[in-house]
Amino acid sequence: MTVRAAMNAYSVELNDTELRVAHGSEIVVRSPAYITVDNDTVRIGEQARRQAHLHPQKTHNRFWSNLNQNDLQTIGGQFRHHADLAYAHLVEVYQQAGKPDEIFFSIPGSFSDEQLSLLLGIVDACPFSALGLVDSAVAAASGITRPGNYQHLDIELHRSVVTRLGINDEVVRQGVEVIDNTSLC
């Protein structure tokens, strides 16, 4: 991909707080990572976040941090597990962003290999293609030109992620530490 094409590409910054969709350098969609399922009514994003206090047992906001295919006993219907909720969230932001054909993803370093594989499977079922995946901390540090060692802190909804980075001619992720119970919640 050329630099010019990358500048015009759609990108999704994914974490358990929200999905942010950008087109080039402009953020076009922000969607909190909340889904409320009340019988046949499904609310996603900001609408679900606003309703969370009214329907706490029907609201889900751990589907990105706990991305897996373990059965969810509390929902049923079209949502069998966190992967189904994540799929619904991705399709919603895709539609809000104007249905781009291709999306580049920025993913927290806390995602396991299994979660990355599952995410790629979810994207494969979506009506768009993934251009690629990059570690969020590496992407954030890509504009730093001064060589050295750095730490990137991402405070998410249910955890914090500290990524150690080394920068010389390129940005290299040296390690990731996930800190549970230190978060926005």
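Since this is a predicted model, take the numbers as computed values, not measurements.

Participant: I'd love a proper account of the side chain of Arg43, names of residues and values included.
Facilitator: In this structure, Arg43 sits in strand 5 (residues 41-44). Buried and unpaired, Arg43 has Asp38 as its nearest opposite-charge partner, separated by 4.8 Å. For Arg43, the residues in contact, after removing those within four places along its chain, are Tyr34, Ile35, Thr36, Asp38, Ala48, Gln51 and His55.

Participant: Any details on the sheet that holds strand 1 (residues 10-14)? Residues and values, ideally.
Facilitator: Taken together, the five strands give an open sheet; going across it, the order is 3-2-1-7-8, and neighbouring strands pair in mixed fashion. This sheet does not close on itself; its edge strands, each paired only once, are strand 3 (26-32) and strand 8 (129-135). Taking the axes of each pair of neighbouring strands and ignoring which way they run, one obtains an average angle of 20 degrees across the sheet. By the bridge criterion, four bridges tie strand 1 to strand 7 (residues 102-107) in an arrangement that is parallel. Counterpart to Glu13 in the pairing with strand 7 is Ser106. Sitting on the sheet, helix 3 (residues 82-96) is in contact with strand 2 (18-23), strand 3 and strand 7, with an inclination near 145 degrees to strand 3. Where helix 4 (residues 113-125) meets the sheet, its contacts fall on strand 1, strand 7 and strand 8, and the angle it forms with strand 8 comes to roughly 155 degrees.

Participant: Mind laying out the sheet that holds strand 9 (residues 148-155), listing which residues take part and the relevant values?
Facilitator: Each strand in a sheet pairs with another by means of backbone hydrogen bonds, the pair being arranged parallel or else antiparallel. Taken together, three strands build an open sheet; the order of strands is 9-10-11 and the sheet is antiparallel. Edge positions in the sheet fall to strand 9 and strand 11 (171-180), since each of these pairs with one other strand and no more. Mean inter-strand twist for the sheet, computed between neighbouring axes without regard to direction, equals 20 degrees. In terms of strand pairing, strand 9 meets strand 10 (residues 159-167) through eight bridges, oriented antiparallel. Across the sheet, residue Tyr150 finds its bridge partner in strand 10, namely Leu165.

Participant: A description of the packing of helix 3 against helix 4 should follow, citing residues and the corresponding values.
Facilitator: Any two packed helices are characterised by how steeply their axes cross, that is the angle between the axes, and by the distance between the axes. With their axes 10 Å apart at the nearest point, helix 3 and helix 4 run at an angle of 50 degrees to one another. When the interaxial angle is binned, helix 3 and helix 4 end up oblique. Seen along the crossing, helix 3 lies across helix 4 with a hand that is right-handed. Contact residues: helix 3 offers Ala83, Ala86, Tyr87 and Leu90, while helix 4 offers Leu118, Leu119, Ile122, Val123 and Ala125.

About the thresholds
- Residues numbered from 1 in each chain as written.
- Predicted model: local features only at pLDDT ≥ 70, side-chain atom pairs only at ≥ 80, totals over all residues.
- Heavy atoms only, no water.
- Helix = DSSP H or I, 4+ residues; strand = E, 2+ residues; numbered from the N terminus.
- Buried < 20%, exposed > 50% of the residue type's maximum accessible area, 1.4 Å probe, protein only.
- Lys, Arg positive; Asp, Glu negative; His and termini not counted.
- Salt bridge = Lys/Arg side-chain N within 4 Å of Asp/Glu carboxyl O.
- Contact = heavy atoms within 4.5 Å.
- Pairing = 2+ DSSP bridges.
- Axes fitted to C-alpha atoms, helices over the stretch in contact; angles between N-to-C directions.
- Parallel < 35°, antiparallel > 145°, perpendicular 65-115°, else oblique.
- Left-handed = near helix turned anticlockwise from the far one by under 90°.

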